[in-house]
Amino acid sequence: MRVTFLGTGTSHGVPMIACGCAVCRSADPRNRRLRPSILVEREGFVLLVDTTPDLREQCLRANVQRLDAVLLTHEHNDHLIGLDELRRFCVLQDGRLPLYGRGEVLQCVERIFPYAVRRPPPYKGLPEFDLHEVVGPLVIGPLRLTPHLLPHGAAEVLGLVFSDERGPRFAYYTDCSAVPPVARESLRGIPLLILDALRHRPHPSHLTIEQALEVARDTRPERVLFTHICHELDHAATNAKLPEGVRLAHDGLIVEV
Ligand SMILES: [Zn+2]
Ligand SMILES: [Zn+2]
Ligand SMILES: [Zn+2]
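Because the structure is predicted, anything quoted here is derived from the model rather than measured. (Residues numbered from 1 in each chain as written. Chains lettered and ligands numbered in written order. Predicted model: local features only at pLDDT ≥ 70, side-chain atom pairs only at ≥ 80, totals over all residues.)

Draft legend 1. Inspection of helix 4 (residues 103-112) at higher detail. Of all the residues in helix 4, the buried ones are Val-105, Leu-106 and Val-109. Within helix 4, the buried residues cover an arc of 100 degrees as seen down the axis, which keeps them to one side. In helix 4, the exposed residues that point more than 90 degrees away from the buried face are Gly-103, Glu-104 and Arg-111. Check the buried side of helix 4 and you find it contacts strand 5 (97-101) and strand 6 (129-133). (Buried ≥ 20, exposed ≤ 12 C-beta atoms within 10 Å, placed from the backbone. Helix = DSSP H or I, 4+ residues; strand = E, 2+ residues; numbered from the N terminus. Arc of directions from axis to C-beta. Contact = placed C-beta atoms within 7 Å.)

Draft legend 2. Expanded view of the nonpolar core. Membership of the largest hydrophobic core comes to 68 residues, with the highest contact counts inside it found for Ala-171, Leu-193, Ile-194 and Leu-195. Among the elements that line this core, the one with the most residues is strand 9 (residues 155-164), at 5 residues. Discounting chain neighbours no more than four positions away, the residues touching Ala-171 are Gly-159, Leu-160, Val-161, Ser-186, Leu-187, Ile-190, Leu-193 and Ile-194. (Core = buried A, V, L, I, M, F, W, Y, C linked by C-beta atoms within 7 Å.)

Draft legend 3. Broad picture of helix 6 (residues 209-219). All of the buried residues in helix 6 are Ile-209, Ala-212, Val-215, Ala-216 and Thr-219. Buried residues of helix 6, seen end-on, are gathered within an arc of 120 degrees and therefore sit on one face of the element. Of the exposed residues in helix 6, the ones pointing more than 90 degrees away from its buried face are Glu-210, Arg-217 and Asp-218. The elements touched by buried residues of helix 6 are helix 5 (181-185), strand 11 (192-196), strand 12 (224-227) and strand 13 (246-248).

All we've got here are geometric facts, nothing functional implied.
Encoded structure:
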């Protein structure tokens, strides 16, 4: 299974518009973070997790040639609003893309992009989706997923645990303000945990670095990579202070699990 980080930034992206801070002005490419999204590949099957406002740039940068399915973790704009860009893949592949998400999220898609779920489509060249509600563990192509509901301030987000025949391989817990006990159980000894870690200062709907480290200490994954990172964290300086096995992810990073 291969995971590609298409974006590791928080909702504003890094650099943030009209910010002159040291990280936003940094020459280190790892301090340039598009909005959070990953690509998961196995046996030629390609799943996109979240459709950010940077989706077009992300697909060009990672040279994405096809998509087999799309999953939305939640309905916030930094994870959803790039959905229309997928029309290129619908045209290329001459078909509808399966789109997975919770019922509330799919209702948002129908409200914001009604033309993308209409049958038949109003005209050619639009994005076209078949909606699949996530209600429990599911199989998407060769990928086995166990979803966990995670609190995200007053909202909720799907935390995803990806497995193969060997068992759980990695978890993607973005946009969470806590990791409840059931969601923690899946993480014990997992080869890779990708976890929300916004910054050091507290935030009502995201984990801080310290809170994310507590989850890592408790569940002991083999490797932990933080994502949804804001401009208050310099890549190199933050990594230098993190314990072994725990690092900030960066855009373009590819991990085989
Ligand atoms: Zn977000
Ligand atoms: Zn800044
Ligand atoms: Zn969010």
